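An overview of the molecular structure
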Amino acid sequence: MEYILSVATVAGINIIMALSFYAPFMTGQVSLAQAGFAAIGAYSAAVCTVKFGIPYIPAVIIGGVVAGVVGFILGIPALRIKGIYLLLLTLGFGEIVRVIFINIEYVGGAAGFPGIPYQENTFFYAYGLVLILIVCFERLRNSRMGRAMRAVGDDETAAEINGINITAVKLKAFAAGAFIAGMGGGILAHFQEFIEPLMFGVMHSVEYIVFAIFGGVQVFWGPIFGAIVLSFVPEFFRFVQAWRHEIYGALLIVMMIIKPEGVITNDSVRFIKKIFRGS
Amino acid sequence: MILEIREVGKVFGGFCALQNVSIRVEEGKIHAIIGPNGAGKTTLFNLISGMFDISHGEIHYRDKRLNGLRPDIRAELGIGRTFQIVRLFPSMTVLENVMVGRHCRTHSGLLKTFFHFPLGESSEEKQIRNNAMQWLEFVGMTHRAQQVAANLPHPEQRRVEIARALALDPDLLLLDEPAAGMNPKETMDLDALIVKINGMGKTILLIEHNMNLVMGISEIISVLNFGEKIVEGTPAEVKENPAVIEAYLGKKRN
Amino acid sequence: MFIQQLINGLMLGSTYSLVAIGYALIFGVLGLLHFAHGEVLMVGAFMGLYIILWTGLPLYIALPLTMVVTGILGMIIQFLAIRPLKKNFHLAPLLSTIGVTIILQNLAVKIFGGYGTRFPDTIAMDNIMLGPYMVSSVKLIIMGISLLLMVIFYLIIKKTKLGKAMRALAESHLTAGFLGVNVERTVFLTFGIASALAGAAGVMIGVSYSAISPFIGLTFALKGLVVMLLGGMGNVVGAMIGGLILGVAEVLSITLLPTEVNLQDIFSFGIMIIILIFKPTGLFGSKQN
Ligand SMILES: Nc1ncnc2c1ncn2[C@@H]1O[C@H](COP(=O)(O)OP(=O)(O)O)[C@@H](O)[C@H]1O
Ligand SMILES: [Mg+2]
């Protein structure tokens, strides 16, 4: 039972991270910096609780805010560039963040930051945040800002011609993604009790992309679905556990070939809603 | 006068797509721009709507100098447009596409989105939806409201695109070859739609290849050829002008 | 001292150039970022290592053998993970090659272990005096081989039919098709050549660092990407020069900057971010895409 709870908790944190990737992705921005933002959030939150005795919830929120602010600042140059260039920028940024933490002795440097107070209710906090995010994304979907974000993701030029300030929209989406990732990092830090720069490498950012792309990027349920499935399945099949990453990789390739839109699409969401309404 | 184009030029890496073009668009008119392919018509629209930086000259909208303003600000000032090749947001429904057009006339930000109470649709959202539905009705597309835009046949996509442009309450509407790829019946319907839009007091700047449409509805025509304005006048004047016949109509008749 | 460092930098840089050429070639011809390119290099490093360890063959035989193997690996990647993709999702090639990266890296961890493996000392490690400057013979050989490979590669691009086909494809796939270029085959061979160069870089990195791990792929992939940006996306000559510049800059930064902080790791990313922000077309102009 404890084991399942721990797997489920990690899955919850993965959902948060997958959604953090999805927020800027909605506006067409592919970020490889999400693990870097998680690191910023994790270290900030841990410093808050360990060094300043700030309680858990505000510490996690501060972690999110710090990451969000850094995301906002990084977002400004990121706006000028697109596609592969943006990917490279976020990749470089993610690595720089890691190297910077290796060099800060105040938070343990390369040896890591031990003694972070354990939050035994992490499960509830993680899924509480997931619930809040679901409400936010659902509200966003049918809202002025949500439509603007999707419009920018679909066609920047057409969006701009129709009165959308694409710079502002993309910047907000990027900062929001960093904020979410920062909170995810803060929650992770207080679940693991120990963080080190290695935990936030580029490959983790890649993992969040896999969650989102596998689940589907047309609606936010896609990344949620992807994070849940890919967090649970490896835990329950030994074979899968051992070859987890290879399977992720193959899955990504196969998805790109046969179903690049992911498992959950607009149509499947409509279908499920229909069933629930019973019509 | 709603729009004044003053000695405008556009250079693409040494190639001069537009040169010394001056056009004055009168308020409330249907003003057509014609010219052979590659004459620079679309480029002119791109300069007006702000997609490209202008190389020479100035563009004024009402009393505002447009040079250097972002496209979304120009939209907010009241310039709407459609594209030569329809550019709807493919992943959105028809209704959502038109609702996007309301963006710059409404205000809810992210926080308002997440934290509005009571639950359910906000009043602004309702207002956006109703307004968008009205424009869909105006162009006769309500029956498609819930369909994904990318799945519509081309002439209907064009109507949705016009509805989206109208949703931002433009005073000046730029239409880039709206009748391209349409059959005569569809073209006639479009013709009626353009006249109807103009009837609401909106100024229309129209690029069109279809001579019947242009001659029938426009009050003034500017002719571009190789990036320069060669002639300007009423449809009757333009039709008789030898330079135009040579540059454009002559080719068509062959 | 300065000249000494300059020579060291050029040596380091010449391996970066080899990696970056592959990126630039693939980006130039196909307009896509081959994310798994660094993993091909890593496989090359291990291949070279084990060929030398098991067969005792000298470097000058192990190197071309490795290049053949990685060249074939590159073509397999193209065949399995890129060719079958539909054209309608522009991120598909990137994500799919990220998939390849994950697979290769984790397989390598399973096969070779997650820790560093030592490269055997196949080349005498004496230092050579070049006038007043002391240079290690290994590094000299590496630089020689890298430069030789670059010259050969340059000749292939400029003189052969395949090279012309590649350049035509880089201009436009449509025109290349018109000109009778066999697009599929050219793309296939492009991956082969780019991957062979990455394999060579892998062997030489293994020899000069004397230890390799499954994670060097990412490290050198990042260096290669920085170099490609520096030289201009898709610009192969820019990649050659860019590699040398980065190599020299890195070596100088180690000597000139304070040593308490581990700055050289950030150094290349710093360069990358500065280029991305201020001059995304690189120093020598990039292919428009
Ligand atoms: N973005 C661009 N870059 C370079 N040349 C362009 C660009 N847009 C248009 N042109 C060139 O400018 C000329 C005019 O094009 P355009 O305005 O589209 O003509 P029209 O709409 O009258 O058919 C053409 O020769 C075209 O090739
Ligand atoms: Mg045109």
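Residues numbered from 1 in each chain as written. Chains lettered and ligands numbered in written order. Predicted model: local features only at pLDDT ≥ 70, side-chain atom pairs only at ≥ 80, totals over all residues. Heavy atoms only, no water.

What follows is about the pairing of strand β7 (residues 172–176) of chain B. All names here are of chain B. Taken across its 5 residues, β7 has 5 buried, putting it largely inside the fold. Covered by surrounding structure in β7 are Leu172, Leu174 and Asp176 together with Leu173 and Leu175, the residues of both alternating faces. In the sheet, strand β6 (residues 79–81) pairs with β7 via 3 bridges, with the strands oriented parallel. Bridge pairing in β7 places Arg81 opposite Leu174. Across 5 bridges, the pairing between β7 and strand β8 (residues 203–207) is parallel. Counterpart to Leu174 in the pairing with β8 is Leu205. Once the chain exits β7 it traverses helix α7 (residues 184–199) before rejoining the sheet at β8, and the crossover so formed is right-handed. (Buried < 20%, exposed > 50% of the residue type's maximum accessible area, 1.4 Å probe, protein only. Helix = DSSP H or I, 4+ residues; strand = E, 2+ residues; numbered from the N terminus. Pairing = 2+ DSSP bridges. Right-handed = clockwise from strand over helix to strand, strands pointing away.)

Taken together, the contact pairs 25 residues of chain A with 38 residues of chain B. Between chain A and chain B, a total of about 2,900 Å² is buried, with carbon and sulfur atoms accounting for 58% of that surface. There are 3 salt bridges connecting chain A and chain B. For the interface between chain A and chain B, the tally reads 9 residue pairs in polar contact (both at pLDDT 80 or more). Counting only elements with at least two residues in the side of chain A that touches chain B, the list comes to α5 (122–141), α6 (144–154), α7 (156–161) and α13 (266–277) of chain A. (Contact = heavy atoms within 4.5 Å. Buried area = accessible area lost by both parts, 1.4 Å probe. Salt bridge = Lys/Arg side-chain N within 4 Å of Asp/Glu carboxyl O. Polar contact = N/O pair within 3.5 Å; in protein donor to acceptor, adjacent residues only side chain to side chain.)

With that settled, consider the side chain of Gln78 of chain C. All names here are of chain C. Mapped onto the secondary structure, Gln78 falls in helix α3 (residues 59–82). Since its relative accessible area comes to 4%, Gln78 is described here as buried. Those residues in contact with Gln78 that sit more than four places away from it in its chain are Arg83, Pro84, Val187, Phe188 and Phe191.

Further remarks concern unusual backbone geometry. In this structure, Glu193 of chain A takes a positive phi of about 65° despite not being glycine. Looking at where Glu193 of chain A falls in the secondary structure, it is placed in the loop between α8 (166–192) and α9 (202–215).

For an α-helix the count is 3.6 residues per turn, leaving residues at separations of three or four pointing the same way. Along its 21 residues, helix α10 (residues 236–256) of chain C runs 30 Å from first to last C-alpha, staying within 8% of the 30 Å computed at 1.5 Å per residue. Of the residues that open α10 of chain C, the one with a side-chain oxygen 3.3 Å from the backbone nitrogen of Val237 of chain C is Asn235 of chain C. (Expected span 1.5 Å × (residues − 1).)

With that out of the way, let us pick up the coordination of the magnesium ion (ligand 2). Residues and elements named next belong to chain B. Coordination sphere of the magnesium ion (ligand 2), protein contribution only: Thr42 (OG1) and Gln84 (OE1), at 2.0 to 2.1 Å. Separated by 42 residues along the polypeptide, Thr42 in helix α1 (residues 41–49) and Gln84 in the loop between β6 and α3 (94–100) bring together distant segments of the chain. Gln84 sits in the partly exposed class, given a relative accessible area of 32%. (Donors = N, O, S within 2.8 Å, 3.2 Å for Na, K, Ca; no water.)

This brings us to the site of ligand 1. Residue and element names in this part refer to chain B. Neighbouring ligand 1 are the residues Phe12, Phe15, Ala17, Pro36, Asn37, Gly38, Ala39, Gly40, Lys41, Thr42, Thr43 and Phe52. Gly38 has a polar backbone atom sitting 2.7 Å from an oxygen atom of ligand 1. Contact distances for ligand 1 include 2.6 Å between an oxygen atom and a side-chain N or O atom of Thr43. Contact with the protein chains removes 63% of the 560 Å² of surface that ligand 1 exposes when unbound. (Near = heavy atom within 4 Å. Areas by Shrake-Rupley, 256 points an atom, 1.4 Å probe, with all protein chains shown as cover.)

The next point concerns the sheet that holds strand β10 (residues 228–233) of chain B. Residue and element names in this part refer to chain B. Read from one edge to the other, the open sheet built from 6 strands follows the order β6-β7-β8-β3-β9-β10, with strand pairing classed as mixed. Only two strands of the sheet have a single partner each, and these edge strands are β6 and β10. The sheet shows a mean angle of 20° between the axes of neighbouring strands, direction not considered. Bridge count for strand β3 (residues 30–34) against β8 is 4 bridges, and the pairing is parallel. Opposite Ile30, over in β8, you have Ile204 as the bridge partner. Docked against the sheet, α7 engages β3, β7 and β8, running at close to 150° with respect to β8. (Axes fitted to C-alpha atoms, helices over the stretch in contact; angles between N-to-C directions.)

Another point: the pairing of strand β1 (residues 3–12) of chain B. Residue and element names in this part refer to chain B. Relative to strand β4 (residues 56–61), β1 runs antiparallel, the two being bridged by 5 bridges. If you follow Glu4 over to β4, its bridge partner there is His60. Where β1 meets strand β2 (residues 15–25), 7 bridges bridge the pair, whose relative direction is antiparallel. Note that in β2 the partner of Lys10 across the bridge is Leu18. Between β1 and β2, which pair antiparallel one after the other, the connecting turn spans 2 residues, and Gly13 there sits at a positive phi close to 45°.

Moving on to the environment of Leu155 of chain C. Here Leu155 of chain C is to be found in helix α5 (residues 137–159). Sequence separation of Leu155 of chain C and Ala92 of chain C is 63 residues, and the distance between their C-alpha atoms is 32 Å.

Here we come to the layout of surface pockets. Of the voids in this model, the second largest pocket is the one considered here, and its volume is about 1,400 Å³. Looking at the second largest pocket, it is lined by 45 residues, and the ones nearest its centre are Leu198, Met199, Gly201, Met203 and His204 of chain A. (1 Å grid on protein atoms, 1.4 Å probe; cavity = no way out; pocket = protein on both sides within 12 Å on 5 of 7 lines; lining within 4 Å. Points joined across faces, edges and corners; volume = space filled by probe spheres on them.)

In this section: the packing of α3 of chain C against helix α8 (residues 183–209) of chain C. Residue and element names in this part refer to chain C. Running from N to C, α3 and α8 cross one another at 135°; their axes reach a closest spacing of 6 Å. With respect to α8, the element α3 is oriented oblique. Once α3 is placed against α8, the crossing between them reads as right-handed. Mapping the contact onto sequence places Leu59, Leu63, Thr66, Met67, Thr70, Gly71, Gly74, Met75, Gln78, Phe79 and Ile82 in α3 and Val187, Phe188, Leu189, Phe191, Gly192, Ser195, Ala196, Gly199, Ala200, Val203 and Val207 in α8. By residue class, the composition of the contact of α3 with α8 is 14 nonpolar, 8 polar and no charged. (Parallel < 35°, antiparallel > 145°, perpendicular 65-115°, else oblique. Left-handed = near helix turned anticlockwise from the far one by under 90°. Nonpolar A, V, L, I, M, F, W, Y, C, P; charged D, E, K, R; others polar.)

Before going further, it helps to spend a moment on the interface of chain C and chain A. In this assembly, 43 residues from chain C lie in contact with 37 residues from chain A. Summed over both partners, the interface of chain C with chain A comes to about 3,500 Å²; 82% of that surface belongs to carbon and sulfur atoms. If you sort the residues of chain C by the area they bury against chain A, Leu95, Ile102 and Leu276 of chain C come out on top, with a joint share of 15%. Salt-bridge contacts for Glu246 of chain A lead to Lys110 of chain C; the nearest nitrogen and oxygen are separated by 2.8 Å. Of all the elements in the fold, those that place two or more residues in the side of chain C that touches chain A are α3, α4 (92–112), α9 (216–231) and α11 (263–278) of chain C. Considering each element in turn, the side of chain C that touches chain A owes the most residues, 14 residues, to α4 of chain C.

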